[in-house]
Amino acid sequence: MRFEIMRLDDVNGSAVDSTVVDAASVNRIVQQAASTGQRIYIRPAASAAQ
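None of these values were measured; they are calculated from a predicted model.

About the criteria used
- Residues numbered from 1 in each chain as written.
- Predicted model: local features only at pLDDT ≥ 70, side-chain atom pairs only at ≥ 80, totals over all residues.
- Heavy atoms only, no water.
- Core = buried A, V, L, I, M, F, W, Y, C linked by side-chain atoms within 4.5 Å.
- Buried < 20%, exposed > 50% of the residue type's maximum accessible area, 1.4 Å probe, protein only.
- Helix = DSSP H or I, 4+ residues; strand = E, 2+ residues; numbered from the N terminus.
- Contact = heavy atoms within 4.5 Å.
- Pairing = 2+ DSSP bridges.
- Axes fitted to C-alpha atoms, helices over the stretch in contact; angles between N-to-C directions.
- Salt bridge = Lys/Arg side-chain N within 4 Å of Asp/Glu carboxyl O.

(A) Focus on the nonpolar core. Grouped together as the largest cluster of nonpolar side chains are 5 residues: Phe3, Ile5, Val21, Val26 and Ile29. For this core, the secondary-structure elements that each account for two or more residues are β1 (2–8) and α1 (23–36). In this view, valine 21 contacts Met1, Arg2, Phe3, Ile5, Val26 and Ile29; residues no more than four positions away in its chain are not counted.

Right, dumping it as structure tokens:
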């Protein structure tokens, strides 16, 4: 499964950038964001095969 991770602006909460990663990478990215105080939003990525 793949997830879209969006980095959020600290002031207004809008998405600044996004990336799509596999499930194995999500924990590492969450840990990095937590250690720096970065705000992120995670959701399942849209599937190309529908």
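(B) Highlighting the sheet that holds strand β2 (residues 15–22). Strand order across the open sheet formed by 3 strands is β2-β1-β3, with antiparallel pairing between neighbours. Only two strands of the sheet have a single partner each, and these edge strands are β2 and β3 (40–44). Strand-to-strand, the axes of this sheet are offset by a mean angle of 20°, without reference to chain direction. Along the sheet, α1 makes contact with β1, β2 and β3, crossing β2 at roughly 140°.

(C) Examining the side chain of serine 25 more closely. The topology assignment puts serine 25 in helix α1. The class for serine 25 is buried, based on a relative accessible area of 17%.

(D) Fine view of the pattern of salt bridges. In this structure the tally under the stated criterion is 2 salt bridges. Residue glutamate 4 pairs with arginine 43 through a salt bridge whose shortest N-O separation is 2.8 Å. With glutamate 4 in strand β1 and arginine 43 in strand β3, this residue pair connects regions lying 39 residues apart in the sequence. We classify glutamate 4 as buried; its relative accessible area is 16%. The class of arginine 43 is partly exposed, set by a relative accessible area of 37%. Residue aspartate 17 pairs with arginine 7 through a salt bridge whose shortest N-O separation is 3.0 Å. Of this pair, aspartate 17 sits in strand β2 while arginine 7 sits in strand β1, and the two are 10 residues apart along the sequence. Residue aspartate 17 is classed as partly exposed on the basis of its relative accessible area, which comes to 39%.

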